[in-house]
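Structure assessment
Chain residues, written in single-letter form:
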Amino acid sequence: MGYLFITPTILLFIIFTIIPVIMAFYLSFTNYDIVSKNDFVGLDNYKRLVEDNIFWTTLKNVLFYSVLYIPLNIAISLSMALLFMRSHFGVKLFRTAGYLPTLTSGVAAATVWIWLLNPEFGIVNDILSKFGITGPSWLAEMPYAMLSIVFVTLWQSVGANMIIYLAGLNGVPDHLYESAKLDGANAWQSFRYITWPVLRPTTFFVSTMAIIGALQLFDQAFVLTKGGPANSTKTTVYHIYQQGFNQLQMGYADAMAFALSIIILVFSLINMRLNKEESVI
């Protein structure tokens, strides 16, 4: 009887996942333009990819974004979890407030932040002006545009990771802290030798999801900056979107998508290897 419940799931997975992936992989070797062309061109799309300066620029942008976003995401979400783990008055309210931005769609959040970061009437520059600071054009100047995207995505994502870390912290045995306290360990030593090692699987999950999300960044860059100024915030997925749906070069877009998938896989495997080495140590 169990097969009757599993079979529909397997069929849906094949129809909506396996078959589309196979078709996209085939189309990456064609000049498919959605309208008429669908000729097999071999490795031409991948050769073009190697020579595409904009693709390498977008890859550099998302790597720079990842270097800022991923460590800050882990540090802020873990700090929030440690702060809100204790039973104090109103802590549930602060947990809820920290998690609420996660429920907002990326497009809606980015649209609101366009107004907040407006150089003329935005509330951010208005607050800075009260301290005698002239705020920049956050979304139109380098490097503020990328830093703004990092801030907005952090604001929207740390709440979910805070909940994950809270679950991990609740799984740390209390007797370990009691033993450490009896041995004279301070708060930092307890965190370093007890909390952090126990949370390593949680950190691995959070960091892996952060890597995947960072390399697939699209919504915020599309809405906030449209990839500007001078392609400094243009992401790889945004470039794929433009080639596939604006230029109707779907075969080339598929090739870029598979190249990006391989890059994400490589970074995920590196992250897995680093976490395995840390666990051995």
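**Structural notes on the environment of Trp188**
Mapped onto the elements, Trp188 comes out in helix α9 (residues 187–198). Remark: the alpha-carbon pair of Trp188 and Phe267, spanning 79 residues in sequence, is separated by 30 Å.

**So, the nonpolar core**
Tyr65, Tyr69, Ile70, Tyr165 and Leu224 are the most contacted members of the largest nonpolar core, which has 47 residues in total. Taken together, the elements giving at least two residues each to this core come down to α3 (53–85), α5 (106–116), α7 (144–170), α10 (200–215), α11 (219–224) and α13 (250–280). No other element matches the eleven residues that α3 contributes to this core. Setting aside residues no more than four positions away along its own chain, Tyr165 makes contact with Ile74, Ser77, Leu78, Ala81, Leu199, Thr202, Thr203 and Val206. Core analysis: the second largest hydrophobic core is formed by five residues, Phe29, Tyr46, Ala255 and Phe258 among them.

**Quick look at unusual backbone geometry**
The linkage connecting Met142 with the following residue, Pro143, adopts the cis geometry, with an omega of 0 degrees. Among the secondary structure elements, Pro143 is positioned in the loop between α6 (123–130) and α7. In this structure, Pro229 follows Gly228 across a cis peptide bond, with omega equal to -5 degrees. Note on placement: Pro229 falls in the loop between α11 and α12 (236–246). Look at Lys226: it is not a glycine, yet its phi comes out positive at around 55 degrees. You can see Lys226 is positioned in the loop between α11 and α12.

**Some details on the packing of helix α8 (residues 174–182) against α9**
As a packed pair, α8 and α9 sit with axes 11 Å apart at the nearest point and diverge in direction by 150 degrees. Viewed along their axes, α8 and α9 form a crossing whose handedness is right-handed. Between α8 and α9, the contacting residues are Leu176, Tyr177 and Ala180 on the first element and Ser190, Ile194 and Thr195 on the second. Considering only residue class, the contact of α8 with α9 consists of four nonpolar, two polar and no charged.

**Comments concerning the packing of aromatic side chains**
Tallying each qualifying case throughout the model produces 20 aromatic pairs. Taking 5.1 Å as the distance between ring centres and 10 degrees as the angle between the ring planes, the aromatic pair formed by Tyr65 and Tyr69 counts as stacked. Of this pair, Tyr65 and Tyr69 are both found in helix α3, four residues apart, which corresponds to roughly one turn of the helix. Using a relative accessible area of 2% as the deciding quantity, one classes Tyr65 as buried. Taken together, Phe25, Phe29, Phe40, Tyr46 and Phe258 form an aromatic cluster joined through their ring pairs. We note Arg48 situated over the ring of Tyr252; from NZ or CZ to the ring centre the distance is 3.8 Å. Above the ring of Phe222, the side-chain terminus of Lys226 is found at 5.0 Å from the ring centroid.

Reading the values: rules and limits
Residues numbered from 1 in each chain as written. Predicted model: local features only at pLDDT ≥ 70, side-chain atom pairs only at ≥ 80, totals over all residues. Heavy atoms only, no water. Helix = DSSP H or I, 4+ residues; strand = E, 2+ residues; numbered from the N terminus. Core = buried A, V, L, I, M, F, W, Y, C linked by side-chain atoms within 4.5 Å. Buried < 20%, exposed > 50% of the residue type's maximum accessible area, 1.4 Å probe, protein only. Contact = heavy atoms within 4.5 Å. Axes fitted to C-alpha atoms, helices over the stretch in contact; angles between N-to-C directions. Left-handed = near helix turned anticlockwise from the far one by under 90°. Nonpolar A, V, L, I, M, F, W, Y, C, P; charged D, E, K, R; others polar. Phe/Tyr/Trp six-rings, centres within 6.5 Å; stacked < 30°, edge-to-face > 60°. Lys NZ or Arg CZ within 6 Å of the ring centre and 35° of its normal.

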